[in-house]
Amino acid sequence: KILEKKRFNWSSKIVSQTFQEIFSSSKSFAVKELMIGSLSYFVSNHHASLKQGWRVILSVVSNCFEEDEDKVIKEKAYGILKKISDSQFSIFSLE
């Protein structure tokens, strides 16, 4: 079980880094919109199990507010921040 947990942590770290890199380097509106939609889904439905995933979510959301991003992407990123705020931070449980 310990090996399985270590392997999962290692692979989730790679996935999160890759997710950030794809978003940062992509010029495609459709790709970025899909990625933001995925993050929104995870914030809404899987917030209790995200743990270190919050770093990725907040990093990608902050990248959305760069000057050259599309207005729709910025609005969707703002929606994610609003979900977090409206939850009164209960999604960041310290269990």
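Residues numbered from 1 in each chain as written. Predicted model: local features only at pLDDT ≥ 70, side-chain atom pairs only at ≥ 80, totals over all residues. Heavy atoms only, no water.

A. Broad picture of the pattern of salt bridges. Under the definition given, this model contains 4 salt bridges. With a closest N to O distance of 4.0 Å, Lys-71 and Glu-75 form a salt bridge. Here Lys-71 pairs with Glu-75, and both are found in helix α4 (residues 71-86), just 4 residues apart, close to one helical turn. Residues Asp-86 and Lys-82 are paired through a salt bridge, measuring 3.3 Å at the closest nitrogen-oxygen approach. Here Asp-86 and its partner Lys-82 are both found in helix α4, 4 residues apart, which amounts to about one turn of the helix. Taking relative accessible area as the criterion, Lys-82 reaches 40% and is therefore assigned partly exposed. (Salt bridge = Lys/Arg side-chain N within 4 Å of Asp/Glu carboxyl O. Helix = DSSP H or I, 4+ residues; strand = E, 2+ residues; numbered from the N terminus. Buried < 20%, exposed > 50% of the residue type's maximum accessible area, 1.4 Å probe, protein only.)

B. Quick look at the layout of surface pockets. A volume near 210 Å³ is recorded for the second largest pocket. Considering the residues around the second largest pocket, the lining is formed by 13 residues, among which Ser-26, Lys-27, Lys-32, Asp-68 and Glu-69 are closest to the centre. Mapped by element, the contributors of at least two residues to the lining of the second largest pocket are α1 (2-25) and α2 (29-45). In terms of residue class, the lining of the second largest pocket is built from 3 nonpolar, 4 polar and 6 charged. (1 Å grid on protein atoms, 1.4 Å probe; cavity = no way out; pocket = protein on both sides within 12 Å on 5 of 7 lines; lining within 4 Å. Points joined across faces, edges and corners; volume = space filled by probe spheres on them. Nonpolar A, V, L, I, M, F, W, Y, C, P; charged D, E, K, R; others polar.)

C. Fine view of the packing of α2 against helix α3 (residues 53-64). Where α2 contacts α3, the two axes come as close as 11 Å, and the packing angle between them is 140°. If you check the angle between α2 and α3, you find them oblique. The handedness of the crossing between α2 and α3 comes out as left-handed. Residues Ile-36, Leu-39 and Val-43 of α2 form the contact with α3, whose own contacting residues are Trp-54, Ile-57, Val-60 and Cys-64. Of the residues that constitute the contact of α2 with α3, the class distribution is 7 nonpolar, no polar and no charged. (Axes fitted to C-alpha atoms, helices over the stretch in contact; angles between N-to-C directions. Parallel < 35°, antiparallel > 145°, perpendicular 65-115°, else oblique. Left-handed = near helix turned anticlockwise from the far one by under 90°. Contact = heavy atoms within 4.5 Å.)

D. Quick look at the nonpolar core. One finds Phe-23, Ile-36, Ile-57 and Ile-80 to be the most contacted residues of the largest nonpolar core, which totals 16 residues. Breaking this core down by element, the ones donating at least two residues are α2, α3 and α4. For this core, the element with the highest residue contribution is α3, accounting for 6 residues. For Ile-57, the contacting residues outside a window of four places in its chain are Leu-39, Val-43, Leu-50 and Ile-80. (Core = buried A, V, L, I, M, F, W, Y, C linked by side-chain atoms within 4.5 Å.)

E. Region of the structure containing the side chain of Glu-69. By secondary structure assignment, the location of Glu-69 is in the loop between α3 and α4. At a separation of 2.5 Å, a polar atom in the side chain of Glu-69 contacts the side chain of Lys-32. In this structure Glu-69 touches Phe-23, Lys-32, Asn-63, Cys-64 and Lys-74, once residues within four positions along its chain are discounted. (Polar contact = N/O pair within 3.5 Å; in protein donor to acceptor, adjacent residues only side chain to side chain.)

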